[in-house]
Amino acid sequence: MVLEQPGYDELIMYLTQNLALFEKPGVVEANAPSVMALIEDVIAEHVMLLCQQHCELDTEQRGQIVREVDGIVYDLQEVLSRVLNQPVTREQRAFIDEFAGLVKNLFDNAIAAGVDERSSCA
């Protein structure tokens, strides 16, 4: 659906261009989650929103989205492995929020391109 698309390559390039955010110290707010916990939470929120907005998706399509999102999270784990357990900084939080939104946009575009008929979500 999206992992083999040019948009995903661009997203990974965007991550690579912003790795410095994860290599330098920043402001950590009290009770900040770890980088990994935030990634999981924010991406899960976006996937739930995606599925709510695209009620025409069948179980197989939703399963494919979940499998691909797992692959995206795995890629993030690989790239950010040295900082996954550290508390997230404000700058990292902003980047992760933006990154998750871009992931959702990739799926929105793939769904829009692959769905000829849309049913009403009622």
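Here the structure is a predicted model, which is why all the values come from computation and not from measurement.

Q: Even after reading the chapter, I still don't get helix α3 (residues 59-79), so can you show me in this structure?
A: Think of an α-helix as turning once every 3.6 residues; residues three or four places apart then point the same way. For α3, with 21 residues, the first-to-last C-alpha span of 30 Å sits near the 30 Å given by 1.5 Å per residue. Those residues of α3 hidden inside the fold are in contact with α1 (6-17), α2 (35-53) and α4 (90-114).

Q: Which parts of the structure should I look at to understand the packing of aromatic side chains?
A: One pass over the full model with this rule turns up 3 aromatic pairs. Taken together, a centroid distance of 5.8 Å and an interplanar angle of 80 degrees make the contact between F22 and F95 edge-to-face. Placement of the pair is F22 in the loop between α1 and α2 and F95 in helix α4, with a sequence separation of 73 residues. Of the two residues examined, F22 and F95, each falls in the buried class. When the ring of F95 is compared with that of F99, the centres are 5.9 Å apart and the planes differ by 35 degrees; the resulting orientation is tilted. Separated by 4 residues within a single helix, F95 and F99 lie in helix α4, roughly one turn from each other. We note that F95, like F99, is buried.

Q: Even after reading the chapter, I still don't get empty space enclosed by the protein, so can you show me in this structure?
A: Take a probe with the size of a water molecule and roll it over the atoms, and the empty space left behind shows itself. Evaluation of the coordinates by the stated rule reveals 2 cavities of 30 Å³ or more. Reported here for the largest cavity is a volume of approximately 40 Å³. Considering the residues around the largest cavity, the lining is formed by I43, H46, V47, L50, I65, V69, A100, V103, K104 and F107. If you list the elements that add at least two residues to the lining of the largest cavity, you get α2, α3 and α4. The residue inventory of the lining of the largest cavity, partitioned by class, reads 8 nonpolar, 1 polar and 1 charged. Taken as a whole, the second largest cavity spans an internal volume of roughly 40 Å³. As for the second largest cavity, its lining consists of F22, I39, L76, L80, F95, I96 and F99. Per element, the largest residue contribution to the lining of the second largest cavity is 3 residues, and it comes from α4. Class assignment of the residues belonging to the lining of the second largest cavity gives a composition of 7 nonpolar, no polar and no charged.

What counts, and at which threshold
- Residues numbered from 1 in each chain as written.
- Predicted model: local features only at pLDDT ≥ 70, side-chain atom pairs only at ≥ 80, totals over all residues.
- Heavy atoms only, no water.
- Helix = DSSP H or I, 4+ residues; strand = E, 2+ residues; numbered from the N terminus.
- Expected span 1.5 Å × (residues − 1).
- Contact = heavy atoms within 4.5 Å.
- Phe/Tyr/Trp six-rings, centres within 6.5 Å; stacked < 30°, edge-to-face > 60°.
- Buried < 20%, exposed > 50% of the residue type's maximum accessible area, 1.4 Å probe, protein only.
- 1 Å grid on protein atoms, 1.4 Å probe; cavity = no way out; pocket = protein on both sides within 12 Å on 5 of 7 lines; lining within 4 Å.
- Points joined across faces, edges and corners; volume = space filled by probe spheres on them.
- Nonpolar A, V, L, I, M, F, W, Y, C, P; charged D, E, K, R; others polar.

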